[in-house]
Amino acid sequence: LCQPLQALSAPPLPQVAMNGLKEKVLTLDTMNPCVRRVEYAVRGPIVLRALELEQELRQGVKKPFTEVIRANIGDAQAMGQKPITFLRQVLALCVHPDLLNSPDFPEDAKRKAERILQACGGHSLGAYSVSSGIQLIREDVASYIERRDGGIPADPNNIYLSTGASDAILTVLKLLVAGEGPTRTGVLIPIPQYPLYSAALAELNAVQVDYYLDEERAWALDVAELRRALCQARDHCCPRALCIINPGNPTGQVQARECIEAVIRFAFEERLFLMADEVYQDNVYAEGSQFHSFKKVLTEMGPPYATQQELASFHSVSKGYMGECGFRGGYVEVVNLDAAVQQQMQKLLSVRLCPPVPGQVLLSMVVSPPAPSDPSFAQFQAERQAVLAELAAKAKLTEQVFNEAPGIRCNPVQGAMYSFPRVQLPPRAVQRAQELGLAPDMFFCMRLLEETGICVVPGSGFGQREGTYHFRMTILPPMEKLRPLLEKLSQFHAKFTREYS
Amino acid sequence: MQRAAALVRRGCCPRTPGPWGRSQSSAAAEASAVLKVRPERSRRERILTLESMNPQVKAVEYAVRGPIVLKAGEIELELQRGIKKPFTEVIRANIGDAQAMGQQPITFLRQVMALCTYPNLLDSPSFPEDAKKRARRILQACGGNSLGSYSASQGVNCIREDVAAYITRRDGGVPADPDNIYLTTGASDGISTILKILVSGGGKSRTGVMIPIPQYPLYSAVISELDAIQVNYYLDEDNCWALNVNELRRAVQEAKDHCDPKVLCIINPGNPTGQVQSRKCIEDVIHFAWEEKLFLLADEVYQDNVYSPDCRFHSFKKVLYEMGPEYSSNVELASFHSTSKGYMGECGYRGGYMEVINLHPEIKGQLVKLLSVRLCPPVSGQAAMDIVVNPPVPGEESFEQFHREKESVLGNLAKKAKLTEDLFNQVPGIHCNPLQGAMYAFPRIFIPSKAVEAAQAHKMAPDMFYCMKLLEETGICVVPGSGFGQREGTYHFRMTILPPVEKLKTVLQKVKDFHIKFLEKYA
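Positions within a chain are numbered from 1, following the residues in the order the chain's sequence is written. Here every chain gets a letter starting at A, and every ligand a number starting at 1, in the order they are written. The model is predicted, so local features are restricted to residues of pLDDT at least 70 and side-chain atom pairs to those at 80 or more, both for listing and for counting; the totals for chains, interfaces and linings are taken over all residues. Calculated side-chain values reflect all of the structure's heavy atoms, with hydrogen atoms and water omitted.

### Concerning the UniProt feature "domain: Aminotransferase class I/classII large" (unreviewed entry) in chain A
Next, step 1: UniProt positions are given in the numbering used here, feature names are shortened, and annotations may be inferred rather than shown by experiment. Here the UniProt feature "domain: Aminotransferase class I/classII large" (unreviewed entry) sits at residues 107-489 of chain A.
Next, step 2: In residues 107-489 of chain A, the share of helix is 43% and the share of strand is 15%. The end C-alpha atoms are 48 Å apart. Secondary structure elements are defined from DSSP: runs of H or I of at least 4 residues count as helices, runs of E of at least 2 residues count as strands, and each element is numbered from the N terminus.

### Overview of the state of the cysteines
Next, step 1: In this description, a disulfide is simply a cysteine sulfur pair whose atoms lie within 2.5 Å. Inspection of every chain in the model, using the stated rule, returns 0 disulfides over all chains.
Next, step 2: With no disulfide of its own, Cys94 of chain A lies closest to Cys120 of chain A among cysteine sulfurs, the gap being 6.9 Å.
Next, step 3: Free cysteine: Cys265 of chain B, not disulfide-bonded; nearest cysteine sulfur from Cys259 of chain B at 13 Å.
Next, step 4: The classification of residues rests on relative accessible area computed with a 1.4 Å probe and restricted to protein chains. Under 20% of the type maximum is buried, over 50% is exposed, and intermediate values are partly exposed. For Cys265 of chain B, a relative accessible area of 0% corresponds to the buried category.

### Details of empty space enclosed by the protein
Next, step 1: Lining residues are those with an atom within 4 Å of a point, where the points come from a 1 Å grid over the protein atoms alone and group into cavities, where a 1.4 Å probe fits but cannot get out, or pockets, open sets with protein on both sides within 12 Å along at least five of seven lines. Grid points are joined across faces, edges and corners, and a volume is the space filled by probe spheres set on the points. Taken as a whole, this structure holds 12 cavities of 30 Å³ or more when the rule is applied.
Next, step 2: By volume, the largest cavity is sized at about 610 Å³.
Next, step 3: Lining the largest cavity are 35 residues, with Thr163, Asp167 and Arg352 of chain A together with Asp189 and Arg374 of chain B sitting closest to its centre.
Next, step 4: Taken together, the elements giving at least two residues each to the lining of the largest cavity come down to strand 2 (159-162), helix 7 (164-176) and helix 13 (339-350) of chain A together with strand 2 (181-185), helix 8 (186-198), helix 9 (218-225) and helix 14 (361-372) of chain B.
Next, step 5: Basically, the charged four are Asp, Glu, Lys and Arg, the nonpolar ten are Ala, Val, Leu, Ile, Met, Phe, Trp, Tyr, Cys and Pro, and anything else, Gly included, counts as polar. The residue makeup of the lining of the largest cavity, split by class, is 16 nonpolar, 9 polar and 10 charged.
Next, step 6: Approximately 220 Å³ is the volume attributed to the second largest cavity.
Next, step 7: Lining the second largest cavity are 23 residues; nearest its centre among them are Tyr128 and Leu353 of chain A together with Ser188, Tyr216 and Lys341 of chain B.
Next, step 8: Class assignment of the residues belonging to the lining of the second largest cavity gives a composition of 13 nonpolar, 6 polar and 4 charged.
Next, step 9: When residues of the lining of the second largest cavity are assigned to domains, at least three fall in each of domain 1 (53-89 + 399-520) and domain 2 (105-388) of chain B. An automatic or database domain assignment supplies the residue ranges for each domain.

### Focus on the pairing of strand 2 of chain B
Side-chain positions along a regular strand alternate between the two faces of the sheet.
Residues and elements named next belong to chain B.
Next, step 1: With respect to burial, strand 2 is a largely interior element, 5 of its 5 residues being buried.
Next, step 2: In this description, strands pair whenever DSSP reports at least two bridges between them. Relative to strand 8 (residues 351-357), strand 2 runs antiparallel, the two being bridged by 5 bridges. Paired with Leu183 across the two strands is Tyr353, which belongs to strand 8.

### Some words on the domain arrangement of chain A
Residues and elements named next belong to chain A.
Next, step 1: Taken domain by domain, chain A consists of domain 1 (41-80 + 381-499), domain 2 (84-127) and domain 3 (135-367).
Next, step 2: Using only C-alpha atoms to locate each centre, domain 2 and domain 3 end up separated by 31 Å.
Next, step 3: Only heavy atoms enter the contact rule, under which two residues are in contact if any of them lie within 4.5 Å. Contact with domain 2, which involves 13 residues of that partner, is made by 13 residues of domain 3.
Next, step 4: Computed with a 1.4 Å rolling probe, the buried area is the accessible surface lost when two parts are put together, summed over both parts. Summed over both sides, the interface between domain 2 and domain 3 buries roughly 1200 Å², with carbon and sulfur atoms accounting for 76% of that surface.

### A word on the packing of aromatic side chains
Next, step 1: Aromatic pairing here means that ring centres of Phe, Tyr or Trp (its six-membered ring) are within 6.5 Å. Orientation follows from the plane angle: under 30 degrees is stacked, over 60 is edge-to-face, and everything else is tilted. The tally for this structure, following the rule as stated, stands at 29 aromatic pairs over all chains.
Next, step 2: When the centroid spacing of 5.6 Å and the interplanar angle of 80 degrees are considered together, the rings of Phe402 of chain A and Phe471 of chain A count as edge-to-face. In this pair, Phe402 of chain A sits in helix 15 (residues 377-404) while Phe471 of chain A sits in strand 14 (residues 471-474), placing the two residues 69 residues apart along the sequence. Side by side, Phe402 of chain A and Phe471 of chain A carry an identical accessibility label, which is buried.
Next, step 3: Note on Trp290 of chain B and Tyr327 of chain B: the rings are 5.3 Å apart at their centroids and 55 degrees apart in plane angle, and the pair reads as tilted. One end of the pair, Trp290 of chain B, is in helix 11 (residues 279-292); the other, Tyr327 of chain B, is in helix 13 (residues 325-328), and 37 residues separate them in sequence.
Next, step 4: On the basis of relative accessibility, which here comes to 22%, the residue Trp290 of chain B falls in the partly exposed class.
Next, step 5: Through successive ring pairs, a cluster of aromatic residues spans Phe402, Phe443, Phe444, Phe471, Phe492, Phe496 and Tyr500 of chain A.

Written out as structure tokens, the structure reads:
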């Protein structure tokens, strides 16, 4: 079960401020109770504290460290990763088409920009696009999926561009949620999970159904565990969807093909809508690990799975080798959805008009990058390989250094951008945490932050087996800083353990 | 047969397990074979159907991109395929998308955006210094000095400061606190978020949200989605769509029977109605909200689109402040702005902000928490907003061109507003209130009873029937008044004033001709 994140209580408002003020319309008591239940640890209390510390440092307050290391969020460019030149060239050309006359841009970038602008209203990024995204780009995405999946076709009409993958995930979940009481929609999510899922389910007042990944087996997904979770859930809700994150976040495991097949079979047998969060599909590092898209495996399994299993797969421009988080680009591919439901989805998307067009443009570049014969190919390829190689090296280094520390155990970081090591916490520390009203790993992480400036997210924010403690740290700090950071963290853990022994 | 055809369409070709890597053509061939040979096999029911899906989502309607626009899309495809029509192009006068209709983006804005997108250009002699200065400032405030990093969920700090400074200038010195500013993914995102936090209770205590009729249908759509209670208050068509506090009072009293009215939404300048509320009216509304304990939502995205020389934009924030501490310390207010309208027309960037006043500090915490789940608004949209609130000033290199372009756009819009109003009012059976601001005409149309009957026979609202016929016969796509709300027995449509002047004249003439024909046909 998820460890509840103990919220740090805000200091009470000074009495002076409250005097003479009428009672407000909107208070904690009158607000939407579902929103009140929402938690999102990745930007939760520990990050708020990190912000405060940064502020104090700027004001010249002395600390045992000179900078706060934001290892809490999968934001590669914030940690110094450079954007891919070609992507930014094409986007700049689209933003300011005067540059099409500039000698400083390669021809292939110009052709791509012109092609996109032709497909925009008024030939401008400033026009709203169709709510499902620019048709041309949806076609580009479909071609990408087809190439990626060894020729299995994708229909552009089944592709919806979105404001990052998060937006599309929320939209699909929203469609699925119905019923009341014992018939309320239940959604199976992995523990540990990326807390968008728990947050969305809280907001939508749907029922969260936890299935545990197996830490002893490199976070493998076990169908027996899916079955256990499902059976228990049927007591109090109507489970209708199963979410998988592959490659995993925070866990970094890359599921084997057999596992994906087993999940699909299970979903089909148990009538569960499959949601496959595949935003890290370009982040696979471990030898022997390979990304298999749910769409491809599903199709290759043939009927009835291929023709009847409902599936939504998500991708984003925020991860991979691109790291374009701020542009909020992404898409969802839906498979075997009821046509009328797809129309409803289109209608729901239309209320927000369209996803940001610059994000759509970047996505277009991601799915149709320079070809080997293009002038920009060499530089593009070099940059891409460099980013991915560095990520792979950092993944390996992180696993290695953490596993050298007694009391820290880190599963192989097969993919994604995070380590999720398990930490031993002495019983006295656990007790102290409880006295303070904090989850033990939150206590650990807060102390780590205060004493080293390193900001990571406690495992309780993602979920973990009762009595175990973890934290999620990104592998993104610059290479030269990473080893010292990992060692500093390990040393802090040793000190912490001694202190509470 | 149907299933096999569906398979081919959907690209999920049936495959027997076998060696991987079969080519698409062989899989497609197999599917075609299925089409020819296999009889229909019953498939089991899907998990996600109209019956099983979220009923609130099903209830959502959004006319601006609704059925008539889908029809317009179909007709465009037919034209592309060479099918003969009484027209050669579809005119999309349904949506407030200025650049789609040929309005040019502001040069300075795009220069700064290009510099932020591709900072190598900071070394280029082709960009003015003032643009580079702004770009550097924005980039320095971004993680890794890049638009590609997530920003804080509330938005990039220095941009929020710039927005606060803009508001202070706009409101004649009434201070704005950057901490009360939240950058958003267009104004729609902010409006939706605030409404979400506000909605609670059940049965008779379910939150009621007061909205103008006619309204911009984002409001009714979000209210449906959130399963809140829509409380209509009617704008006064005979009085240039004025807002009458008596009508607000009537609406809230009736609503208290069946819900808990907590929110009052105003759109000023109005959409679809185009009226610009007087200062007195705004004061009356604020007083009413104070009396009835209502949270005020002020949708002010058209604040730069005021055309009538007799009208002025007064922000709710400024008026609230100037009404003195009893109001300015107590009334909870959220005001919204966007990069999509004004003179910028940068719809595709999804830039916007909201300023919140007198929100409980714990609520502000909840707001940031809710926003944090989506991480952040698009940083390029935030950058666009920054330029809107921090444009070139006199003395700066880019000022002249900026000013010229801005005035040209606004002057053009004002001209088109007048043109539209005048031309519609020449047509028998069409009456158009003055277009004081925004981007739309919302004329009232007389629909003869025979036409109303014909519409009913087609199971359509009469004005939808009218608009469909208009679309089919002229290619002009407008949105029926029933999509925005109107008094029972009245009919309207909303048409944008955005096509270029010459085209607009043609369009208006065509609508006039159509209307006269329509009246004759259904006399």
